[in-house]
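Coordinate inspection notes
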Amino acid sequence: MRKTTKILTALTASVVILGSIVYLAGQERGKIMSSKTTTISPKGTVKLPSPHKESSISIEEALRKRRSQRVYRQASLSLEEVGQLLWAAQGITHGSGFRTAPSAGALYPLETYLVAGEVTNLSSGVYLYLPHKHELIPVFSGDIRKRLCNASLNQQPVCAAPAAIVFSAVFARSTGKYGRRGIRYAHMEAGTAAQNVSLQAVSLKIGTVVIGAFEDEQVRDVLSLPVSKVPLLIMPVGKELVAEPTTFTLSEF
Ligand SMILES: Cc1cc2nc3c(=O)[nH]c(=O)nc-3n(C[C@H](O)[C@H](O)[C@H](O)COP(=O)(O)O)c2cc1C
């Protein structure tokens, strides 16, 4: 009898510990559950290939060639390519944790997500980029591009691109020090990070466009963002389509 009680106690303790681990992992990932998405159990992070720190294209050439591109070649992106774009967005470039993009007070309110549809060696899903480790944390699995596209007023680049980078912000990180002005700073920071992605994309012959027209709550829902995170910008990314001009008209957005 005493032996049975001991076994039961041990079992209960194991369940509680396991439950706590799962709960804490969920917390770590920032409330990732959603009724409309398939949550995957933590499978471990995805190590991204080390980013290149040099290229043969000058900053002037990248600036000159940067153009919003809304049509992409039908091809997958590699893990190396998405990793390089994410590094350009928010990668660590200094031993003290400073990043590729400036941040007011070095408070880093941005949280960067990768929406993967067709990325070689990466399951379709939503991933959170961890700048310090240059890794991706899987948030949930499934191809959400169509839903993200709907949430972005049906803008076709979001439907068609093999992947998208989404910048969200935790305003509290900046407002704690700067008050309401911290919100403005977070938006500015998303702009600088987006420009980094745009210029890096030129050097990789990848097309992208900054998408700011979307339904905030719908995007939050599609990405299962916790209330602390506000979506700021979406950047679909896909192999450059050189031949075809885009059909976009300037007055549209
Ligand atoms: C904050 C911001 C939001 C934007 N939102 C959209 C958008 O929702 N859809 C889109 O197609 N382009 C969007 N754009 C891209 C602009 O339309 C584009 O930058 C502009 O037409 C100039 O063209 P260029 O980027 O090729 O120089 C946005 C750009 C910025 C900076």
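Below you will find a few notes about this structure. (Residues numbered from 1 in each chain as written. Predicted model: local features only at pLDDT ≥ 70, side-chain atom pairs only at ≥ 80, totals over all residues.)

1. Examining the overall build of the protein chain
Put simply, the test is: By definition, any uninterrupted DSSP run of H or I lasting at least four residues is a helix, any uninterrupted run of E lasting at least two residues is a strand, and each is numbered from the N terminus. Remark: C-beta atoms are placed from the backbone, and a residue is labelled buried if 20 or more other C-beta atoms sit within 10 Å of its own, exposed if 12 or fewer do, or partly exposed between those counts. By definition, residue pairs are in contact when their C-beta atoms, positioned from the backbone, come within 7 Å.
Across its full length, the protein chain carries eight helices and seven strands. Within the protein chain, buried positions represent 40% of all 253 residues. Long-range contacts, defined here as pairs at least 24 residues apart, represent 74% of the contacts in the protein chain between residues at least 6 apart.

2. Focus: the environment of P138
Counting through the fold element by element, P138 comes out in strand β4 (residues 135–141). Taking the C-beta count within 10 Å as the criterion, P138 has 22 such neighbours and is therefore assigned buried. Between the C-alpha atom of P138 and that of L128, which follows or precedes it by ten residues, the distance is 6.5 Å.

3. Notes on the pairing of strand β3 (residues 125–130)
Defined as follows: In this scheme, strands are said to pair when DSSP sees at least two bridges between them.
Burial analysis of β3 places five of its six residues in the buried class, the great majority of the element. Both β3 and β4 contribute to a ladder of six bridges, which runs antiparallel. Bridge pairing in β4 links Y127 to P138. The turn joining β3 and β4, which pair antiparallel and follow one another in sequence, is formed by four residues; a positive phi near 50° is taken by H134.

4. Some words on the sheet that holds strand β7 (residues 230–239)
To keep things clear, this is the line we draw: For every element, the axis is a line fit to its C-alpha atoms; helices are fit only across the contacting stretch, and the angle between N-to-C directions ranges from 0 to 180 degrees.
Across the sheet, seven strands lie side by side as β1-β4-β3-β2-β5-β7-β6; this open sheet has antiparallel pairing. Every other strand in the sheet has two partners, leaving β1 (46–47) and β6 (206–208) as the edge strands with one partner each. Two strands pair when backbone bridges link them, and strand β2 (residues 110–116) and strand β5 (residues 163–169) are joined in this way by seven bridges, in the antiparallel orientation. By the bridge assignment for β5, A116 is matched with A163. Running at roughly 70° to β7, helix α8 (residues 216–223) makes contact with β2, β3, β5 and β7 of the sheet.

5. Describing helix α3 (residues 79–90)
Working note: α-helix, 3.6 residues per turn, so residues spaced by three or four point in the same direction. Rule in force here: The span expected for a helix works out to 1.5 Å for each residue beyond the first.
With twelve residues, α3 extends 16 Å between its outermost C-alpha atoms, agreeing within 8% with the 16 Å of an ideal straight helix rising 1.5 Å per residue. Counting buried residues in α3 gives ten out of twelve residues, a clear majority hidden from the surface. Residues E81, V82, G83, Q84, L85, L86, W87, A88, A89 and Q90 constitute the buried set of α3. Among the structural elements, β2, β3, β5, α7 (181–204), β6 and β7 are those in contact with the buried residues of α3.

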